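# Analysis of the macromolecular model
Spelled out from the first residue to the last, the chains are:
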Amino acid sequence: MKEKAEAFAGAEITDVILGRPAVFSEDPKQETLAVNRLTLAARNAGFRNIKLQLEPIAAALSYEQRLDHSENVLVADLGGGTSDFTIMNLSPDKIRKEDRKDDIIAHGGVYIGGDLFDSEIMWYKVTPHLGRGVKYQSYDKEIEIPSILYRELKNWERTFMLKESKLRRSMDNYYHLSGNNPKIDNVRVLIDNNYVFSLFKGIEQSKINLSTGEDTTIDFEKETIHIHEPFTPGEFATIIERHTTEIERYILKILDTAQYNAADIDSVFITGGSSLVIPVREILYRIFGKDKIRTGNTFNSVAYGLSLSY
């Protein structure tokens, strides 16, 4: 990124502002480790002056540019890995104020985002096409194939390790013991050809399609794998319900921490890809009312706000 930016600017770039989640970890040691790693990565890339900014605060600064009066704003940065929230007092009179710590009323977040939603879709809607639930013959009994491999498939970033794993080799045995069930062959083809990431892109697209409120399908075609799974908004809401419930609880908790009621929030600024997820939006509608919801550039609000943090 540094090299591309310097090629574009035609000059050396020594300073960087990096966005970071409101909370890396509830464990102080892990929190410190994460901050140090991020800072070290920037230093190793050649940056000399490194500043970190909470992403929901960056989003708040982006929204503040639109205001002509003072507001107490809940900023919801709903991304791929986390859902971060900040309650902040914003005003056009404060735009050039350097230290905004006194304007931050409360902030925090939960480890719930689009990636977790995708993994739940993988588990409930796709793994049955890959053999989850299939039974194999063991002596005189029919036994369901262990689900451990399918749980690993929920995390696409680790699946490259499955190719040479004991779990993958076990699928050869289950394939024969199940009477050459084509669904189990699907998972072998998927892993052996490193198609898991491509499959997750199809899952992500189905999630995006559901943001219109219309039914969709999860489509994936590779070699012998042919998945065309119908998917409805209602199913999606049910699949992620325990996670959206946790998001709702956290919003109520941060309000309680700030000793605020929903009525004390003048507006709710939402950004990030998961802000398009209807069940997530419905939480905010239910707590604050639709008329308080404000939106900006879904994917660029944080980056713009980081530029204002310099």
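Worth saying up front: this structure is predicted, and the values here are computed from it rather than measured.

## Structural notes on helix H2 (residues 28-44)
- The terminal C-alpha atoms of H2, which comprises 17 residues, lie 24 Å apart, in line with the 24 Å expected from a rise of 1.5 Å per residue.
- Residues of H2 that are buried include every one of Glu 31, Ala 34, Thr 39 and Ala 42, and no others. Down the axis of H2, the buried side of the element spans an arc of 125°, and every buried residue falls inside it. Exposed and facing more than 90 degrees away from the buried side of H2 are Lys 29, Arg 37 and Asn 44.

## Quick look at the packing of aromatic side chains
- Enumeration over the complete set of coordinates arrives at 6 aromatic pairs.
- Residues Tyr 136 and Tyr 174 carry aromatic rings whose centres are separated by 4.8 Å and whose planes lie at 50° to one another, so their mutual orientation is tilted. Pair noted here: Tyr 136 is in strand E6 (residues 135-138) and Tyr 174 is in helix H6 (residues 166-177), with a separation of 38 residues, a long-range link. By the burial criterion, Tyr 136 is buried, and Tyr 174 matches it.
- Stacked on the ring of Trp 123, the Lys or Arg Arg 132 has its end atom at 4.1 Å from the ring centre.
- Over the ring of Tyr 175 we find Arg 188; its NZ or CZ atom is 4.0 Å from the centre of that ring.

## Considerations on the nonpolar core
- One finds Leu 130, Leu 153 and Ile 251 to be the most contacted residues of the largest nonpolar core, which totals 60 residues.
- Once residues lying within four places of it in the same chain are set aside, the contact partners of Leu 153 are Met 122, Leu 130, Thr 159, Leu 162, Val 187, Leu 190, Ile 191, Val 196 and Phe 200.
- Among the nonpolar cores identified, the runner-up in size contains 16 residues, and Ile 17, Ala 58, Tyr 63 and Val 302 belong to it.

## Re the sheet that holds strand E10 (residues 267-271)
- Read from one edge to the other, the open sheet built from 5 strands follows the order E5-E4-E3-E10-E11, with strand pairing classed as mixed. Each edge of the open sheet is held by one strand with a lone partner, namely strand E5 (104-110) and strand E11 (293-295). Each strand axis lies, on average, 20° off the axis of its neighbour in the sheet, ignoring direction.
- As defined by bridge partners, strand E4 (residues 83-90) adjoins E5 across 6 bridges and the pair is classed as antiparallel. Within E5, the position partnered with Thr 86 by the bridge is His 107.
- The strands that helix H10 (residues 241-257) touches are strand E3 (71-78), E4 and E5; relative to E5, the one it contacts most, it runs at about 160°.
- Running at roughly 175° to E10, helix H11 (residues 278-288) makes contact with E3, E10 and E11 of the sheet.

Conventions adopted
Residues numbered from 1 in each chain as written. Predicted model: local features only at pLDDT ≥ 70, side-chain atom pairs only at ≥ 80, totals over all residues. Heavy atoms only, no water. Helix = DSSP H or I, 4+ residues; strand = E, 2+ residues; numbered from the N terminus. Expected span 1.5 Å × (residues − 1). Buried < 20%, exposed > 50% of the residue type's maximum accessible area, 1.4 Å probe, protein only. Arc of directions from axis to C-beta. Phe/Tyr/Trp six-rings, centres within 6.5 Å; stacked < 30°, edge-to-face > 60°. Lys NZ or Arg CZ within 6 Å of the ring centre and 35° of its normal. Core = buried A, V, L, I, M, F, W, Y, C linked by side-chain atoms within 4.5 Å. Contact = heavy atoms within 4.5 Å. Pairing = 2+ DSSP bridges. Axes fitted to C-alpha atoms, helices over the stretch in contact; angles between N-to-C directions.

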